[in-house]
Amino acid sequence: MQENHSLHNALRQVRHHVGRVMLHGFSVSGLATYLQLPEYDFCVDMGECPVSSIGINHVFLTHAHGDHSRCLMRHHSLRRMMGVDKPSIYYMPADLVSGAEAWIHSEAVFEGVPEQRFKLPEIVGLNAGEKVPLKYRKDLSIEAFPTRHAQVGRQTFLPSMGVTLFNHKNKLKDEYIGLDAAGIIELKNQGISITREVYDPIVTFMGDCLGENLTDPALASIWDSEVLVTECTFVDDGEESMADKKGHTHISDLVKALEKYGPTMKCKYIVLNHFSMKYSSDHILGALQKKIPEAYRDKVIAFI
Ligand SMILES: [Zn+2]
Ligand SMILES: [Zn+2]
């Protein structure tokens, strides 16, 4: 295998400005994935924890595989070491919470932390379909949705979830638009609710997932986000069934999704991450050029 020194350095951050999102981080299959959105105070996964992650207060974990989860507690402890008192919040699929707590406790025992000094960080388990405001950013909410990634039994998959980040606002109800300040105060005094909640999807992260998730009708709303970040571990011809077997997406799955949703999708940018470490940058860019239909080529960005 050809070694790609700069491509494989998880601390050398990739940066892309996509729509309303500045995406900083790194994502190579099996090595590490972490995707920071500094201006939204949000990070997805923590497969590596560079110092630039320390100031981020909200972290979402898609699934338990080490290349995504390994540095979750390093984030927590580095913050304390650097004097950040504000507790960071770790959001994750509800099914992962008890395993994560046991893992965090074992790590503390391994490091010799006395039992009386051990304290769990703030962990929030998410269930499908719940919109949860970010603790320190009430203008933002997240909603997690289950994905199918690594099969562990006949019908069973490892818990894994994607997540959408929404801008959350209260807007005046249509019937009250145009009303003057006195009219609005009058309605408020009568206890009438004059606003409705509006959720504007900024970005969706799929996490690791089988390509079939992209065309699953139950997940059609992923295509409503301005930016969709989705894995594309494999890009070569003949690797389709291996991608399936390993629980990952092949570029042909994305092409199928573009055929299905392309003409109607609101999504403006599709960021592909988590490429296999065996490919060079040129190989990835060449494959995108060859396989993404021309009409969508400007939309698709490789996170390398
Ligand atoms: Zn992975
Ligand atoms: Zn995985």
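Residues numbered from 1 in each chain as written. Chains lettered and ligands numbered in written order. Predicted model: local features only at pLDDT ≥ 70, side-chain atom pairs only at ≥ 80, totals over all residues.

### What about the overall build of the chain?
Point 1. Regarding its fold elements, the chain presents 7 helices and 14 strands.
Point 2. Against the compact-globule benchmark of 19 Å for 304 residues, the chain has a radius of gyration of 21 Å, which places it among compact chains.
Point 3. Principal-axis analysis of the C-alpha atoms places the extent of the chain at approximately 70 × 60 × 40 Å.
Point 4. Looking at the chain as a whole, 37% of its 304 residues are labelled buried.
Point 5. At a minimum sequence separation of 6, the contacts of the chain that also span at least 24 residues come to 61%. (Helix = DSSP H or I, 4+ residues; strand = E, 2+ residues; numbered from the N terminus. Rg over C-alpha atoms; globule rule 2.2 N^0.38 Å. Buried ≥ 20, exposed ≤ 12 C-beta atoms within 10 Å, placed from the backbone. Contact = placed C-beta atoms within 7 Å.)

### Details of the environment of Gly47
Point 1. Of note, Gly47 is situated in the loop between strand 4 (42-44) and strand 5 (58-60).
Point 2. Linking Gly47 and His65, residues 18 residues apart in sequence, is a C-alpha distance of 8.8 Å.
Point 3. Other than its neighbours up to four places away in sequence, Gly47 contacts Ala32, Thr33, Tyr34, Asp67, His68, Arg70 and Cys71.

### Topic: unusual backbone geometry
Point 1. Of note, the phi angle at Asp41 is positive, near 55 degrees, even though the residue is not glycine.
Point 2. Of note, Asp41 is situated in the loop between strand 3 (32-37) and strand 4.
Point 3. The phi torsion at Asp45 lies on the positive side, around 65 degrees, for a residue other than glycine.
Point 4. Within the secondary structure, Asp45 is located in the loop between strand 4 and strand 5.

### Remarks on the environment of Phe205
Point 1. Looking at the secondary structure, you find Phe205 in strand 11 (residues 195-205).
Point 2. The exposure class of Phe205 is buried, given the 29 C-beta atoms found within 10 Å.
Point 3. When the C-alpha atoms of Phe205 and Leu228 are compared, they prove to be 6.2 Å apart, with 23 residues separating the residues in sequence.
Point 4. Ignoring sequence-local partners within four residues, the contact set of Phe205 consists of Leu35, Val44, Thr62, Gly162, Val163 and Val229.

What is shown is where atoms sit, not what they do.
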